[in-house]
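Geometric and topological summary
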Amino acid sequence: ITSYAPDLSRLLVQRALPRLPQRIALGDDVFSVRGVFVDRDFHPLGDQTSYEQLADRYLLSSQRPPARVKLHFASPTTFRSGDKNVPLPLPGLVFGGLADRWNAHSPITVPADTRSYAEEHMAIAQCAIRTRTIDIAGGKQVGFVGSCSYLALVNDAYWQRIIGLLAAFAFYSGVGYKTTMGFGQTFTRPVVASARASASDYRRQGAGDK
């Protein structure tokens, strides 16, 4: 996701991504590049948009926003509170962190008190998570994976649009701590099974040999 820069986005898609090497080394692991996807129509984990486009889609919609949103945490997710690790999807941590991240980069800001709103006026309606411990440089990191549904306790369309926007933004930004290391991959729909299916289709079509 970028601030609106169509020329830069087009150059990235048309020139940079197709020129990735066939093999990429990350630390001690070597990966083969089988394909590059930047469109969700071709792969559920590929997409591109701008902050403006995402804001228009959710904040200017004429449809009544839902009071409930559901997030799927596909990779271990955790938060930092002071010097403590908090591996729990509490509303204030999830949406407060997303609001901070959005406001740090987007030309269109969301309210600074989004964290307070989520803490006071949102509740966990349903949650199915389990903890995961990951070995990383310097020790171990505990996080959670699974899904969580959040319910707005106040019928306020404005705030429901803000929360819907941030839930969609989570796909691009990740949630919580250490997202640059792959933690906190988050979606508004389960994508793991469909991603595997897309990869199988891609291999059957022989695209990986191109």
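For the structure, check the block above.
Now for a description of the structure that goes with this document. Because the structure is a prediction, the values reported are computed rather than measured.

1. Digging into the packing of helix α3 (residues 91-105) against helix α4 (residues 114-121)
- Between α3 and α4, the shortest axis-to-axis distance is 8 Å and the interhelical angle comes to 160 degrees. Between α3 and α4, the angle is such that the two are roughly antiparallel. α3 and α4 meet at a crossing whose hand is right-handed. Here Pro91, Gly92, Leu93, Phe95, Gly96, Gly97, Ala99 and Asp100 of α3 come into contact with α4, specifically with Thr114, Arg115, Ala118 and Glu119.

2. Description of the side chain of Arg161
- Assignment of secondary structure puts Arg161 in helix α5 (residues 157-173).
- Despite being buried, Arg161 has no salt bridge partner; Asp156 is the closest side chain of opposite charge, sitting 7.3 Å away.
- With near-sequence residues (within four places) excluded, Arg161 lies in contact with Tyr58, Leu59, Ser61, Gln63 and Pro65.

3. A look at the packing of helix α2 (residues 51-59) against α5
- Here α2 crosses α5 at 140 degrees, and the two axes come no closer than 9 Å. Between α2 and α5 lies a crossing whose hand is right-handed. Along its contact with α2, which presents Tyr51, Leu54, Ala55, Tyr58 and Leu59, the element α5 presents Arg161, Ile162, Gly164, Leu165, Ala168, Phe169 and Tyr172.
- Residue composition of the contact of α2 with α5, by class: 10 nonpolar, 1 polar and 1 charged.

Rules of the game
Numbering of residues starts from 1 in every chain and runs along the sequence as written. Local features in this predicted model are restricted to residues of pLDDT 70 or higher, and side-chain atom pairs are both shown and tallied only at a pLDDT of 80 or more, whereas totals for entire chains, interfaces and linings draw on every residue. Excluded from the side-chain calculations are hydrogens and water; all other atoms, namely the structure's heavy atoms, are used. Only C-alpha atoms enter the line fits that serve as axes; for helices the fit covers just the stretch in contact. Angles between N-to-C directions range over 0 to 180 degrees. Helix and strand labels come from DSSP, where a helix needs a run of H or I of at least four residues and a strand needs a run of E of at least two; each type is numbered from the N terminus. Working definition: roughly parallel below 35 degrees, roughly antiparallel above 145 degrees, roughly perpendicular at 65 to 115 degrees, and oblique for all remaining angles. Here a crossing is taken to be left-handed if its near helix is turned anticlockwise relative to the far helix by less than a right angle, and right-handed if that turn runs clockwise. Contacts were defined at the residue level, with two residues in contact if any of their heavy atoms lie within 4.5 Å. Each residue gets one of three labels from its accessible area relative to the maximum for its type: buried under 20%, exposed over 50%, partly exposed in between, using a 1.4 Å probe on protein chains only. In this tally Asp and Glu are treated as negative and Lys and Arg as positive; neither His nor the chain ends contributes. Should a side-chain nitrogen of Lys or Arg be within 4 Å of a carboxyl oxygen of Asp or Glu, the pair is scored as a salt bridge. By the convention adopted, Pro, Cys, Tyr, Trp, Phe, Met, Ile, Leu, Val and Ala count as nonpolar, Lys, Arg, Asp and Glu as charged, and the other residues, Gly among them, as polar.

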